[in-house]
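# An overview of the molecular structure
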Amino acid sequence: MTDDGRNGVELRSNFGIGTSFWAVRRAQWRALGITDEDMTKPKIAVINTSSDLAACFSHLDGIAAVVKDAIRAAGGLPFEVRTSAPSDFIHSAGNAGKYILPSRDLITNDIEVQVEGALLDGMVCLASCDKTGPGQLMAAARLDIPTIFVICGYQESGHVDGEHVDIEDVFLGAGHHAMGAITLEKLTAMSENAIRSPGVCSGMGTANTMHSVCEALGMALPGHAPVRGNSQKMLDNAAEAGGRIVDMVWEDLRPRKILTEAAFENAVKTVFALSGSINSVKHLQAVSEEAQAGVDVYGLYAKFMEEMPVLCAVRPNGLTTIEELEDGGGARAVLKQLGPMARHDALGVSGKTLGETLAGYTPPNDVVRPVSDPLSDKPAIVMIKGNLAPDFAIIKMGLRYDRKLLVTGPAVIFEDPNVAIAALKAGKIKAGDVVVLRGLGVRGAPGMGMGSRLVFAIEGAGLGEDVAVVTDGQLSGLVNKGLVVGEVAPEAYNGGPLGLIEDGDIITIDVMGRRIDADLSEAVFAARKAKLPPAQRSSQRGWLSVYEDRVQPLHKGATLLPD
């Protein structure tokens, strides 16, 4: 009942007969109906974030069953493993949304405890909502055991009064309703019709961006992202991945062989080409940190933004639907249309290089444009620096270069989005202001608070084109109206420059110059910093207190790893 290995690979999950580990595990597994023969096979974790709390996860049990059947048919032994299942739209209600980003790292540690503790041989990760996919990628990079991703699909959206409506429209509509721009009846109808099936948000938000990133990194099989949730194609993809993981174990094809600099370059270029979510930056950096790959992902975004065109713009960034992107070839079509801009030497879970994968492939239509004829030759994501952001800050531009690209105005400072929205309703925010929403960074929150509710309220008040917003918090991966600068680093906490400005200080945002500055001298910054009281802990107990103690800055991906 021991395994002699295949291709020279010995299964770490097979213990010596008669040992304590062998005996107690055999007792547990025989009670589950597992045979002695099955116990010698590759043991595969099926990472499932199933939950009744959100449509993002409600279909995953069915997908897990398909994957497990495929693993058994391929000669493996599957074990379903559950982790936390955070949804931004559900779990941001508590503690001002501060649980959302820390939940990513909780998922990573959930997986480590269950998979590494049991010494399983491989993983199939069911990638779903915004934080589950990144958390799973981080775990794959950390554990470095053969891992493959199943893209679990996007939800079908609906219509109200003949107009398309999805969850992003509801989020934006709530901001408009808060300012009296739409009725409660309209908002209610939108929320009733926005989601028509299980899956993730149907726009090119963080979830669909990271699904495409999984394929661009080489961690999902070619042609798998994006995909309609619960479609036959998605189920067929799941079966294909379940069969492939067993061979990956015998081939000893591990994530760190895949997660090279070439892979990260392909992922970053795919995000630019799809006008994807700015949240992808910190998630990819976190994966690099966990893989010990030494890749400066923020540097890659800054480097490639000047040369990367937009090849396809999915709602709400453009008029293309996510269904049209899927039918047009998805991430594989993007990588093909990038031509020599893509790194064809990157290896994938198929065991082939990207060049081998794309050889002979032709996109089915022109939904994804070639680099010679892009939708836009300007960067969809802009990295900027300045005396307010010595490290970096991020602007999601999409295709909207018709907005104001050079703004100078007085700072109006808030540290709570609810207080800011109340001030907006009271007329205390006016055209020409630069609203600063600070104290929402990874340490200051802790956990990175969400600034989009304020952004959407400003839009609802009719000031979206006339009021800029600057925050050290995170923003919706879907869309940001007006000129919005997010993830300012270093954050305001403990003396970051954003924490030193005062109401009325003049701030200039220069998109084309890639700058954000306050009209203050270094001496003024230093004098104000010297007067700051010592930083105080925000959380005294629970998961957020652990996160606050351990979290690293954004340039480290906001991981919990030590410097």
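Please read all numbers here as calculations on a predicted model, not as lab measurements.

## A closer look at the layout of surface pockets
In this structure, the largest pocket spans a volume of roughly 590 Å³. Contributing to the lining of the largest pocket are 31 residues, with S92, G97, F171, M450 and R453 lying nearest its centre. Of all elements in the fold, only α3 (88-91), α6 (167-178), α8 (206-217) and α17 (417-425) reach the threshold of two or more residues within the lining of the largest pocket. A total of three residues in the lining of the largest pocket trace back to one element, the largest contributor, which is α6. In this structure, the second largest pocket encloses a volume near 450 Å³. Every residue lining the second largest pocket is counted, 18 residues in all, and those nearest its centre are E415, A492, Y493, N494 and L532.

## Concerning the side chain of K396
Summarising the element assignment, K396 is placed in strand β8 (residues 389-396). Of note is the side chain of K396, whose polar atom sits 3.2 Å from the backbone oxygen of S275. Among the polar contacts made by the side chain of K396, one reaches the side chain of N317 at a distance of 3.3 Å.

## Digging into the packing of α6 against helix α7 (residues 184-193)
Where α6 contacts α7, the axes come no closer than 10 Å and their chain directions differ by 165°. When the axes of α6 and α7 are compared, the pair comes out roughly antiparallel. The way α6 lies across α7 gives a crossing that is left-handed. Contact residues: D169, V170, G173, A174 and H177 in α6; L184, L187, M190 and S191 in α7.

## Regarding the environment of V213
Mapped onto the elements of the fold, V213 is located in helix α8. We classify V213 as buried; its relative accessible area is 0%. V213 has contacts with A267, V271 and L284, leaving out every residue within four places of it along the chain.

About the thresholds
- Residues numbered from 1 in each chain as written.
- Predicted model: local features only at pLDDT ≥ 70, side-chain atom pairs only at ≥ 80, totals over all residues.
- Heavy atoms only, no water.
- 1 Å grid on protein atoms, 1.4 Å probe; cavity = no way out; pocket = protein on both sides within 12 Å on 5 of 7 lines; lining within 4 Å.
- Points joined across faces, edges and corners; volume = space filled by probe spheres on them.
- Helix = DSSP H or I, 4+ residues; strand = E, 2+ residues; numbered from the N terminus.
- Polar contact = N/O pair within 3.5 Å; in protein donor to acceptor, adjacent residues only side chain to side chain.
- Axes fitted to C-alpha atoms, helices over the stretch in contact; angles between N-to-C directions.
- Parallel < 35°, antiparallel > 145°, perpendicular 65-115°, else oblique.
- Left-handed = near helix turned anticlockwise from the far one by under 90°.
- Contact = heavy atoms within 4.5 Å.
- Buried < 20%, exposed > 50% of the residue type's maximum accessible area, 1.4 Å probe, protein only.

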